[in-house]
Amino acid sequence: MKSKKIFAIGAVALSLLLGACSSSTDEAAESTATEEVAPFPTEDLTLNISWWGEQEAPGAQKWLEESIALYTKEHPNVTIKHVLQTTDGLIPSFEAAAAAQSGPDIQYFWGGIYSQQPGWDGHIAPISDYLSEDELSHYINAKVESGFQGKTWTAPWYVNPSFPLLVRKDILADNGLSVPTNWDELMNICDKLSAKKITTLAGGVKDGWFGGWIYSILGAQSVQSQADVINAVVGTTKFTDPEHASWWTKLEESKNRKCWNDDINSLELYQAQQQFVEGKAAMTITAGPDAPNFVKKAGGDEKVTIMAMPAWSDGPLAGKMGTTSQTLGITKWSKYPQVAADFIKFTHTDERLNAWYAATGSMPADDRFDISQVQSASTKALFESALDGAPYLENFIPAQLDADAVFKNVQLVLKGTVSAADAAADMQAVMERLRKSDRKLVDNFTA
């Protein structure tokens, strides 16, 4: 899960848009990797890694420790230590390290704005200064989420398909229903199951994060690309325009059709997902890296299928999952950035990519990973969807807008205290206030 501790973000780099403003020649010139220039240090040295990820990709710690052991065996002068951060502690610990200009050499970042902001603030060195353009070309989502003006800030580590719908085929079959192929069929399932006091969609919005997921998987269906969202942020369009507001109507419809568990506002995210595992709900939504584990817990491919949220529009992103990659960056204060980059590159060797899948069941962020080795039909479909995924919209809006407008209004719409129109209007009002109070944010989104 990309559970996010909300913090002030004053700037964001949007590589897909900016990439269109830079020629490929400029990119090649600015992406000058030094990996073959500087000799590998021969003195004894220590690297420190601060990371997160065991929470959404169980087995990651075992894989990391094994990778460290293998790398340091090849390079006996290198010692690597690691610290697994809590979800709420990940960002504050890095902020403290950045303030002191001391701490980890390699730092974990969520994708999108969370891997861009540290670059804007001068706290990380572009990974493209140390790894070649050819190497980085294989890293999934590197350019889309971590690139800016010819530089790539961080190296994608593993992919988070964002976010799959898990469907209990057994529960649907027991009630004479089949897997939905579009929004209307999903609403029909809600009608039929709610009449029998069965939950269709298990969710929990008490802690807020699920609201951002819902925005991304419903809101993406009516836009052409993340550029449309950026336009609304900077004021070229409005969040009350149909392309941005229609998803609130669909959320309200799902509430009125009794799709969700009655206690959705009282439960946190993973509490709700447990209802799916226990067979008390026909569907749920979860983080991509953990989806295969939920399938196993609920009975395997025979009982469960993984799919994108059924389409309610005919937009180019409808029926697609979003895709984002969790990343690793090199801190500006590291004494051995070359070694840090070399270790990151080592984790992208074929053996380590295969070992990641074996340890976690999730997808490494590298197109050289051989998907044909995946035996589970649902997991294979999940991975393939990530290779052709839609942009994950939550990564392209200000974090404060996410918390103050999206999180809040999803809770209120599902509670029935505000309408879809009210929610869209409030999102627009929050964005207008942000534009007035933070010109730097607007300038960087505009760039």
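Residues numbered from 1 in each chain as written. Predicted model: local features only at pLDDT ≥ 70, side-chain atom pairs only at ≥ 80, totals over all residues. Heavy atoms only, no water.

Notes on the overall build of the chain
At step 1: Along the backbone of the chain there are 20 helices and 13 strands.
At step 2: Taking 2.2 N^0.38 as the reference for a compact globule, 447 residues should give roughly 22 Å; the C-alpha atoms of the chain span a radius of gyration of 22 Å, in line with that estimate.
At step 3: Classification of the 447 residues of the chain by burial places 60% in the buried group.
At step 4: Restricting the contact set of the chain to residue pairs at least 6 apart, pairs at least 24 apart contribute 79%.
At step 5: Carbon together with sulfur atoms contributes 50% to the accessible area of the chain, which is approximately 17,000 Å² in total.
At step 6: Looking at charge distribution, the chain has the averaged site of its 37 positive side-chain charges lying 7 Å from that of its 56 negative ones. (Helix = DSSP H or I, 4+ residues; strand = E, 2+ residues; numbered from the N terminus. Rg over C-alpha atoms; globule rule 2.2 N^0.38 Å. Buried < 20%, exposed > 50% of the residue type's maximum accessible area, 1.4 Å probe, protein only. Contact = heavy atoms within 4.5 Å. Areas by Shrake-Rupley, 256 points an atom, 1.4 Å probe, with all protein chains shown as cover. Lys, Arg positive; Asp, Glu negative; His and termini not counted. Charge placed at Lys NZ, Arg CZ, Asp CG, Glu CD.)

Considering the environment of Ala-429
At step 1: For Ala-429, the position within the fold is in helix α19 (residues 420–437).
At step 2: As for Ala-429 and Leu-401, which are separated by 28 residues in sequence, their C-alpha atoms are 9.9 Å apart.

Re the pattern of salt bridges
At step 1: The tally for this structure, following the rule as stated, stands at 14 salt bridges.
At step 2: Note that Glu-278 and Lys-280 form a salt bridge whose closest N and O atoms lie 3.2 Å from each other.
At step 3: Assessed through its relative accessible area of 46%, Glu-278 is described here as partly exposed.
At step 4: Relative accessible area serves as the criterion here: at 52%, Lys-280 is assigned to the exposed category.
At step 5: Asp-366 is the partner of Arg-368 in a salt bridge, and the nearest nitrogen-oxygen pair spans 2.8 Å. (Salt bridge = Lys/Arg side-chain N within 4 Å of Asp/Glu carboxyl O.)

So, the sheet that holds strand β8 (residues 165–168)
At step 1: One open sheet holds the 4 strands; their spatial order is β9-β10-β8-β11, and the pairing between them is mixed. Strand pairing shows two members of the sheet lacking a second neighbour, β9 (199–202) and β11 (304–307), which therefore form its edges. Between one strand and the next, the sheet's axes are offset by a mean angle of 20°, whatever the strand orientation.
At step 2: Here β8 pairs with β11 via 4 bridges, running antiparallel. If you follow Leu-166 over to β11, its bridge partner there is Ile-306.
At step 3: Its contacts with the sheet put helix α9 (residues 183–195) on β9 and β10 (281–285), and the angle it makes with β9 is roughly 120°.
At step 4: Each of β8, β9, β10 and β11 touches helix α13 (residues 269–277); the most contacted strand, β10, lies at about 140° to it. (Pairing = 2+ DSSP bridges. Axes fitted to C-alpha atoms, helices over the stretch in contact; angles between N-to-C directions.)

With respect to the state of the cysteines
At step 1: The full count for this structure, using the stated rule, is 1 disulfide.
At step 2: Across a sulfur-sulfur distance of 2.1 Å, Cys-190 and Cys-259 are joined as a disulfide pair. Here the disulfide of Cys-190 and Cys-259 is right-handed, its torsion about the S-S bond being about 110°. You can see Cys-190 sitting in helix α9 and its partner Cys-259 sitting in the loop between α12 (242–256) and α13, a full 69 residues away along the chain. Note on accessibility: Cys-190 and Cys-259 belong to one class, buried. (Disulfide = S-S within 2.5 Å.)

Examining the packing of helix α18 (residues 399–415) against α19
At step 1: With their axes 9 Å apart at the nearest point, α18 and α19 run at an angle of 165° to one another. For the element pair α18 / α19, the angle class is roughly antiparallel. Of the two possible hands of crossing, α18 and α19 adopt the one that is right-handed. Together, Gln-400, Leu-401, Asp-404, Ala-405, Val-406, Lys-408, Asn-409 and Val-413 of α18 and Ala-423, Asp-426, Met-427, Val-430, Met-431 and Leu-434 of α19 make up the contact between the two elements.
At step 2: Along the lines of polarity and charge, the residues of the contact of α18 with α19 split into 9 nonpolar, 2 polar and 3 charged. (Parallel < 35°, antiparallel > 145°, perpendicular 65-115°, else oblique. Left-handed = near helix turned anticlockwise from the far one by under 90°. Nonpolar A, V, L, I, M, F, W, Y, C, P; charged D, E, K, R; others polar.)

Section: the pairing of strand β3 (residues 106–109)
At step 1: Where burial is concerned, the two faces of β3 agree: the one with Ile-106 and Tyr-108 and the one with Gln-107 and Phe-109 are both buried.
At step 2: Pairing of strand β1 (residues 45–51) with β3 involves 2 bridges; the strand directions are parallel. Paired with Ser-50 across the strands is Gln-107, a residue of β3.
At step 3: Pairing geometry for β3 and strand β12 (residues 322–331), over 4 bridges, is antiparallel. Residue pairing across strands places Tyr-108 opposite Leu-328, the latter belonging to β12.

Observations regarding the packing of helix α10 (residues 209–219) against α18
At step 1: Direction vectors running N to C along α10 and α18 enclose 90°, while the axes themselves pass 8 Å from each other. It follows that α10 is roughly perpendicular to α18 by the angle criterion. Contacts from Trp-209, Gly-211, Gly-212, Ile-214 and Tyr-215 in α10 reach Asp-402, Val-406, Phe-407 and Val-410 in α18.
At step 2: Split by residue class, the contact of α10 with α18 holds 6 nonpolar, 2 polar and 1 charged.

As for the side chain of Asp-290
At step 1: Considering the arrangement of structural elements, one finds Asp-290 in the loop between β10 and α14 (291–297).
At step 2: No salt bridge is formed by the buried Asp-290. Its closest oppositely charged neighbour is Lys-297, at 5.4 Å.
At step 3: Engagement of the side chain of Asp-290 in a polar contact is seen with the side chain of Asn-293, the distance being 2.8 Å.
At step 4: With sequence-adjacent residues up to four places away left out, Asp-290 is seen in contact with Glu-56, Pro-58 and Tyr-270. (Polar contact = N/O pair within 3.5 Å; in protein donor to acceptor, adjacent residues only side chain to side chain.)

A look at helix α5 (residues 113–120)
At step 1: In terms of burial, α5 is largely enclosed, as 7 of its 8 residues are buried.
At step 2: Looking only at α5, the buried set comprises Ile-113, Tyr-114, Ser-115, Gln-116, Gln-117, Pro-118 and Gly-119.
At step 3: Downstream of α5 by one or two residues, Gly-122 has phi in the positive range, about 80°.

A word on the packing of aromatic side chains
Two numbers describe a pair of aromatic rings. These are the distance of the centres and the angle of the planes.
At step 1: Under the counting rule described, the total for this entry stands at 26 aromatic pairs.
At step 2: An angle of 40° between the planes, with centres 6.5 Å apart, marks the rings of Tyr-108 and Tyr-158 as tilted. On the criterion of sequence distance, the pair formed by Tyr-108 in strand β3 and Tyr-158 in strand β7 (residues 155–162) is long-range, its members being 50 residues apart. Taken individually, Tyr-108 and Tyr-158 each receive the classification buried, so the pair is uniform in this respect.
At step 3: Linked through ring pairs, Trp-51, Trp-52, Trp-63, Tyr-108, Trp-110, Tyr-114, Trp-157, Tyr-158 and Trp-356 together constitute an aromatic cluster.
At step 4: If you follow Arg-168 out to its NZ or CZ, it ends over the ring of Phe-276, 5.8 Å from the centre.
At step 5: In this arrangement the basic side chain of Lys-297 is found over the ring face of Phe-294, its NZ or CZ atom lying 5.2 Å from the centre. (Phe/Tyr/Trp six-rings, centres within 6.5 Å; stacked < 30°, edge-to-face > 60°. Lys NZ or Arg CZ within 6 Å of the ring centre and 35° of its normal.)

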